[in-house]
Amino acid sequence: LKTLTVLQKTVDLLANRGIEIDLSRLPDNDKPTYELLSRGDTVGVFQFESAGMQDSLRKLRPDCLEDLIALGALYRPGPMDNIPAYIACKHGKQKPDYLHPMLEEVLKETYGVIIYQEQVQKIAQVMSGYTLGAADLLRRAMGKKIKAEMDAQREQFVSGAKERGVDEKQSSGIFDLVAKFAGYGFNKSHAAAYAVIAYQTAYLKANYPVDFMA
């Protein structure tokens, strides 16, 4: 709420100078904004102020909203370990591991790193034929880590994958990997909303620094 107030006050200060800004219609590819983020010049930028986050931004050199969504979701205990892999794949220093050709479509935007709860659900849907409702139950079971529930889910996942021609050993290994990520997976819709506000603050700081800092 504090950040939304800062955004509105900046827009009001700009309006006083005859500059009209509609935050809901900002260009999403603004060069000065991504340059500011890539320098880690992010004091006052929502979600991206900490020293560790500034360091990650300098290494990542984000150039699209998807990068900000991913970094916001990754920068927490647990998933943080995957930030180097995301960065290395983005800059072509490492090849993404999609676990199975079937899953490339699901994991392409995050370079093979499972970041979002929605990806966990989509993997179950694509690989094992889960309905979206059943995939949500799988996500919840993985979050709670109740052994009996997990055993039942593993059986369903492996048998569904087998029907789609995936080797049982391989699908069981993928289930384990997905379960590991699901334990701390972030909700993409939440991360996206945060990233939009982060981008808006970065845009104003990059393009109208005096009004923004005031």
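Residues numbered from 1 in each chain as written. Predicted model: local features only at pLDDT ≥ 70, side-chain atom pairs only at ≥ 80, totals over all residues. Heavy atoms only, no water.

A look at the packing of aromatic side chains
Scanning all chains against the criterion turns up 6 aromatic pairs. Geometrically, the ring pair formed by Phe-46 and Tyr-194 is edge-to-face, given 5.2 Å between the ring centres and 70 degrees between the ring planes. Of this pair, Phe-46 sits in the loop between helix 2 (31-39) and helix 3 (51-60) while Tyr-194 is found in helix 11 (residues 188-207), placing the two residues 148 residues apart along the sequence. An angle of 55 degrees between the planes, with centres 6.4 Å apart, marks the rings of Tyr-130 and Phe-157 as tilted. With Tyr-130 in the loop between helix 7 (117-128) and helix 8 (132-144) and Phe-157 in helix 9 (residues 147-163), this residue pair connects regions lying 27 residues apart in the sequence. The class of Tyr-130 is buried, set by a relative accessible area of 4%. Phe-157 gets classed as buried once you look at its relative accessible area, which sits at 1%. Following the ring pairs from residue to residue traces out a cluster consisting of Tyr-34, Tyr-199 and Tyr-203. The ring of Phe-181 carries the charged tip of Lys-180 above its face, separated from the ring centre by 5.7 Å. (Phe/Tyr/Trp six-rings, centres within 6.5 Å; stacked < 30°, edge-to-face > 60°. Helix = DSSP H or I, 4+ residues; strand = E, 2+ residues; numbered from the N terminus. Buried < 20%, exposed > 50% of the residue type's maximum accessible area, 1.4 Å probe, protein only. Lys NZ or Arg CZ within 6 Å of the ring centre and 35° of its normal.)

Observations regarding empty space enclosed by the protein
Under the definition given, this model contains 1 cavity of 30 Å³ or more. Approximately 30 Å³ is the volume attributed to the largest cavity. (1 Å grid on protein atoms, 1.4 Å probe; cavity = no way out; pocket = protein on both sides within 12 Å on 5 of 7 lines; lining within 4 Å. Points joined across faces, edges and corners; volume = space filled by probe spheres on them.)

Concerning helix 9
Spanning 17 residues, helix 9 covers 24 Å between terminal C-alpha atoms, matching the ideal 24 Å at 1.5 Å per step. When helix 9 is considered as a whole, its buried residues turn out to be Met-150, Gln-153, Phe-157, Val-158, Gly-160 and Ala-161. Across the axial projection of helix 9, the buried residues extend over an arc of 165 degrees, all falling on one side. Opposite the buried face of helix 9, by more than 90 degrees, sit the exposed residues Ala-148, Glu-155 and Glu-163. Looking at the buried positions of helix 9, the neighbouring elements they touch are helix 7, helix 8 and helix 10 (168-182). Directly after helix 9, the chain includes Gly-165, whose backbone phi takes a positive value near 85 degrees. (Expected span 1.5 Å × (residues − 1). Arc of directions from axis to C-beta. Contact = heavy atoms within 4.5 Å.)

Considerations on the environment of Pro-32
With respect to the helices and strands, Pro-32 occurs in helix 2. Other than its neighbours up to four places away in sequence, Pro-32 contacts Ala-206 and Asn-207.

A look at the nonpolar core
With 62 residues, the main nonpolar core has Ile-21, Met-142 and Leu-204 as its most contacted residues. The greatest single-element share of this core, amounting to 8 residues, is contributed by helix 11. Not counting the four nearest positions on each side in its chain, Leu-204 is found in contact with Leu-7, Thr-10, Leu-14, Ile-21, Leu-23, Pro-209 and Phe-212. (Core = buried A, V, L, I, M, F, W, Y, C linked by side-chain atoms within 4.5 Å.)

Considering unusual backbone geometry
Of note in the backbone geometry, Arg-61 takes a positive phi value of approximately 50 degrees without being a glycine. Mapping Arg-61 onto the fold places it in the loop between helix 3 and helix 4 (65-74). In this model, Tyr-111 sits at a positive phi of 55 degrees, which is unusual for a non-glycine residue.

Concerning the side chain of Thr-33
Residue placement: Thr-33 occurs in helix 2. A relative accessible area of 0% places Thr-33 in the buried class. Filtering out sequence-adjacent residues up to four positions away, Thr-33 remains in contact with Tyr-199, Ala-202, Tyr-203, Ala-206 and Asn-207.

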